[in-house]
Structure formats: C-alpha cells, structure tokens
Amino acid sequence: MLHVESIVKSFDGFLAVNGATLKVEKGDVVAVIGPNGAGKTTLFNLISGQLPPTAGNIWFKDENIAGLASHRVCRKGISRSYQVVNIFHRLTVFENVQVAVLSHHQKTFNIFKPAKIMAVKETRDILDSVGLLDKAEMVSGALSHGDQKVLEIGIALGNRPELLILDEPTAGMSPEETAVTLRLMQRLSGDMGLTILFCEHDMGMVFSIANQIMVMQHGGTIIQGSPDEVRSNQLVREAYLGGADECSV
Amino acid sequence: MFNALFDVKTTITGMILLALLLLLPQFLPRFYVYLFALIFAIALLATSLNLVLGFGGMYQFHHAVFYGFGAYAFALFVTKSGLPLWIGYVIAPFCSAALGLALGLITVRLHQLYFGMLQISLGSLVWAITYRWYSFTGGDDGIHGIPLPDLVGSSTGAYYFNLIVAATCLLLTYMIVNSPFGRIFQGIRDNPERCQAVGVNVQKQQLTGQVLAAFFAGVAGTLFVTVEGSVFPDLMFWTLSLEILIMCLLGGWFIFLGPALGAAIIISLRTFAGIYTEYWTLILGIVLMLLIFFLPEGVLGLFLKKADPAAKREG
C-alpha cells in the first residue's frame, strides 16, 4: 500500500532523513521506533506532504506522492495526527471533527447552507468511536491533554483515511489514558480495518500492537520486520534497545 | 434551514430591532437620520472586514481599499457611463470583488504579517493611482455631487435603502460565517497547517474569503456614496483601514455583531466628540488602551459574558 523508497530530507545540509525505507501493507499496524532525533517525525512529515523530500520516492497505491502538497496527500487517503497537540482550539470538539468531514466531502466552498445541519451523524459517529461524544459541545481548547490527543485521532478519522498515521499518539498521556488509546487503536485496526502507521517511545505499547516494526537511526532504516525479528536483531540491540532487559517487554 | 441558523430568541430580538430601526426616521431629526444611515454603511464595512479578520484569521490590514474602490466604481459608473443609476449599485461590489481577487492572488501566497504588509503596499498603490489620476478620478478633490436615484435622494430614502441593504448583507455574511465555508475558515484561523492536513486548500479558501469580504466592502462603499453623495481618496487611505480594524477590536471580533457595534460607537464618538475638539482621536486612543487592558473580548463580548456566564462564542 505504502512504499517509501530511500527517502532523503536535508535541512541546509543536515540530513534529518537519510535513505530511510518503509513498507506498509494493507491492514498492517506498523510502528516506527528509534531514539530521539532519528528522523521519525520528519519521515511522517515527508509522507503526509508537510515537507517535500530532497530525494527518493513515496509510493502510495502505485502512485508516487513524493512532494505533493499535504491537502492533496490527504485526499489520496492518508490522514495523520500530530505529536504536539494540533487542533482547532477555538472550535468545539464536534466542529473540530466536522471540519475534516466537510473537507472530505468537498463542501469547503459551500457558502449558504448552515454547517450546523451538515454531516452531523457522520461526525457524531466518529466522536462516538473515539469516545468523545459526551464532550462534543465543549470548546476543544478546554479539554484535558489526553482528550486533546484523542481528538487528534478523531480529526484524522474525519477524512475516512485508508492509511492513518499517528505521531506518538500517547505522548504525555497518563498510564490510564495510554491504555484507552491502545484499545482505540486496536479497535480502529481490528473493527474498522484501518491500516495504521505510528511512532512511539512506549515499547510496551509498540510490541503489544504492531505486527511490523521499523527501526530508525540517524535518518536511515536499520531493519523492518516482525516484532520477533526486531527483538532478536543484533544491530537493533546495539543501536537502540541497548540490552536484553528492555527487549523482553 | 432558517431554524438551523437562528433560535427563537434571536429571531424575535432581530425582528424587534429591525422594526424599531424602520420606525426611527419618523421621530428623529434629520441629522440623526443621516448619522444612522452612515452607521449602517460603516457597520457593514466593519463586518465585512471581520469576515476575514475574526473568522478567517487573516491579517487584513488594508481593507479600506476595497471599500473606497467600490465607492469610486459606483461614482465613476454613475457620472461617466450614462446608463441607469441602479446598475451602478450592482456593478460596484463586483469591481471590489475583482480587486479583491487581483490583490488576493498575490497576497495569499504570504502568511500573517507578511500578508498584511504586502496588502498595505498594494492597496496604497491603488490609493496613489486614485490620488494622482486627476483626469479620471478627480485626484485629491474626489468626485462631488454624484447623481443618485430619486428613491434614495432624500435623507430618509437613503436611510431606508442603507438599512435594508446593510441588513440583507449582514444576513448573508452571517450565513457565510455559519456555512461549511465559514466553519472551515474558522478552522484555518485556528490552525492553518492542520486544516491543510485534513485536505483543505488553504490558499484557495483564503482567496475566496478575500473576494467575499471585498464584495461586501464594495457594497458598503456604495452605501457611503448614497449618504454622502461624494467620494474622495481618503476612502481608501490606510488610516481608515486602521480605524475599521479598531472597530472590530472594540466591538469584539469573535462575535458576529461585535464589529457593527464597534462601528456605531466610533462613528458616534467621532461625530459628537468631534464637535468639541478636533483631537477626538485622543479620546479614541485612551478608549483603545482601556479596551486592550480591560475588555480583550470587546464591548459586545463583555455584554454576552454578563448575560450568559457560560460565554457563547458567536453572536
């Protein structure tokens, strides 16, 4: 479904991503792991079109989407959430998701129909699926951090993506919130059949949900494989996991 | 569809207000009829700015140029074309919208402050041309004694015309703000990057907003001519843009009717304080300083907060 081929991103000569390779098949849950500064977020920014790559190809459903603007990438079926909360803070929770749904249905230039009565069911269904329906009318800026992170995912679902990219979905969350988010991701992948690509520092979470793990270091790919393959890989142990203790999670 | 836009309370309040305004000229002296007619024009102008400022988050620093352009387009059409005068009312807003499109095509490529600065430069260029082109625009003298249709020739006629046109345009703007376009526009205001990431072509959206705002500013321009019967280059000078911006801040720029209220306050202040001192802007300056410190949500924002502590965000 998604095939990133030796992608490179250089910021004034600094190679943030240097020849990384990634493969995501339909229905997969793929985790990207690596130490801070390995280039995970930059890789996601390249895939979702926030940044144009310096070199390399990104194939999505047999089409090279490298360098497309982010709104075009989104319309191809790739949605993403962000590591740092990135929502419409003055809008209500409902309106946050509705923006994405309206955009998905190409209603952005409809100027005379009241938005209040449009895409209501679809939006509420999404809020229900992420568990924010009871907070639908709250101004999103007033939500707790954990809820805002979940809303992130809700907004990304508004576009009915085929591939959902989550950049550290549980960053800054309490253990309880992390568990809820983990279950949410399992539901999205299991019940809704979404393909998920995410990066995460919480190894417990990565090894419990991902069926493919890609390990990054210095902007490149060390290995991509099943959790077992990654766990037993010598290079990964040396470069990142640092010892057998952490690998055993 | 109407029900989705207004609740019963708002509808009744609006109806009563409109009825009052319709009756007002029967009781008021002529000067006040004139003043109200002027306020209607400027209230529409401030609301049109707020469409892109408060609801679109665009740094629209030179909105007056679209207003003045509409006023000039109307004046020039009426004095030079020899065609029926009413056509001018239709054509002028489209001229403003066209200018909005032309300037917007260049400016929306930039963001925030850079957008605003470029708009000031390009707008000042339009002003300079108007100011210098004596043979066509009348230069710094402007155009006076513009013929108007008989219906709006009297001050009461102008009052009713301005009231009805401004009210209709406010209704349309309200619909736009609450439409999918408006909702996404507010999304762009809060977070343009995220909006782009959910598939919105942000620049195209901003350009459309720009054209719509320019259109309504153009309508306001024709309303000004209806009241004053003249145009002059000050109508597109950047200090006027600043004044409209202050109206939005004063009334409350996250509330739909805030800018209209701000316009009413500033026009009244200018008219009445202007009788006593030519330094009325000094009073404006003090009011503004107090505003920034004590009423960051504007006058209407304060009232709404008092009326409803749960604080509604939109009027």
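Note: the structure precedes this text.
Residues numbered from 1 in each chain as written. Chains lettered and ligands numbered in written order. Predicted model: local features only at pLDDT ≥ 70, side-chain atom pairs only at ≥ 80, totals over all residues.

S.K.: So what's going on with the overall build of chain B? Which residues, and what values?
M.R.: When its secondary structure is counted, chain B shows 15 helices and 0 strands. The C-alpha atoms of chain B give 19 Å as radius of gyration, which agrees with the globular expectation for 315 residues (20 Å, within 12%). Each principal axis of the C-alpha atoms in chain B carries an extent, and together these give about 50 × 45 × 45 Å. Taking all 315 residues of chain B together, 51% fall into the buried category. A separation threshold of at least 6 residues defines the contact pool for chain B, and within that pool the share at least 24 residues apart is 77%. (Helix = DSSP H or I, 4+ residues; strand = E, 2+ residues; numbered from the N terminus. Rg over C-alpha atoms; globule rule 2.2 N^0.38 Å. Buried ≥ 20, exposed ≤ 12 C-beta atoms within 10 Å, placed from the backbone. Contact = placed C-beta atoms within 7 Å.)

S.K.: How would you explain the sheet that holds strand S2 (residues 14-24) of chain A if you had to name every residue and give the values?
M.R.: All names here are of chain A. Reading across from one edge, S2-S1-S4-S5 is the order of the 4 strands in this open sheet, with antiparallel pairing throughout. A single partner strand is all that each edge strand has here, and the edge strands are S2 and strand S5 (63-64). When strand S4 (residues 55-60) meets S5, the two strands line up antiparallel, connected through 2 bridges. Within the sheet, the bridge partner assigned to Phe60 lies in S5 and is Glu63. The strands touched by helix H1 (residues 40-47) within the sheet are strand S1 (2-11), S2 and S4, with S2 carrying the most contacts at an inclination of about 65°. (Pairing = 2+ DSSP bridges. Axes fitted to C-alpha atoms, helices over the stretch in contact; angles between N-to-C directions.)

S.K.: So, unusual backbone geometry: which residues are in play, and what are the values?
M.R.: Residues and elements named next belong to chain A. Notably, Asp12 is not glycine yet its phi reads approximately 50°, a positive angle. Assignment of secondary structure puts Asp12 in the loop between S1 and S2. Of the residues examined, Asp12 has 4 C-beta atoms within 10 Å and is grouped as exposed. Of note in this structure, Arg160 is not a glycine but carries a positive phi near 50°.

S.K.: Lay out helix H8 (residues 155-177) of chain B with the relevant residues and their values.
M.R.: Residue and element names in this part refer to chain B. If you check H8, its first and last C-alpha atoms are 32 Å apart, about what 23 residues at 1.5 Å a residue would give, namely 33 Å. For H8, the full list of buried residues reads Ala158, Tyr159, Phe161, Asn162, Leu163, Val165, Ala166, Cys169, Leu170, Thr173, Ile176 and Val177. Looking at the buried positions of H8, the neighbouring elements they touch are helix H2 (8-27), helix H3 (30-53), helix H9 (180-190) and helix H11 (202-228). (Expected span 1.5 Å × (residues − 1).)

S.K.: Can you break down the nonpolar core residue by residue, with the values?
M.R.: All names here are of chain B. Core analysis: the biggest nonpolar cluster contains 170 residues, and Ala41 and Leu44 have the highest contact counts within it. Broken down by element, the residue count for this core peaks at 17 residues, all from H3. Discounting residues that sit within four places of it in the chain, Ala41 has contacts with Asn162, Ala166, Ala220, Leu223, Phe224 and Val227. (Core = buried A, V, L, I, M, F, W, Y, C linked by C-beta atoms within 7 Å.)

S.K.: For the environment of B:Leu22, give the residues involved together with the corresponding values.
M.R.: Residue and element names in this part refer to chain B. Residue position: Leu22 is located in helix H2. When the 14 C-beta atoms within 10 Å are taken as the criterion, Leu22 is described as partly exposed. When the C-alpha positions of Leu22 and Cys95 are compared, they lie 30 Å apart, and in sequence the two are 73 residues distant.

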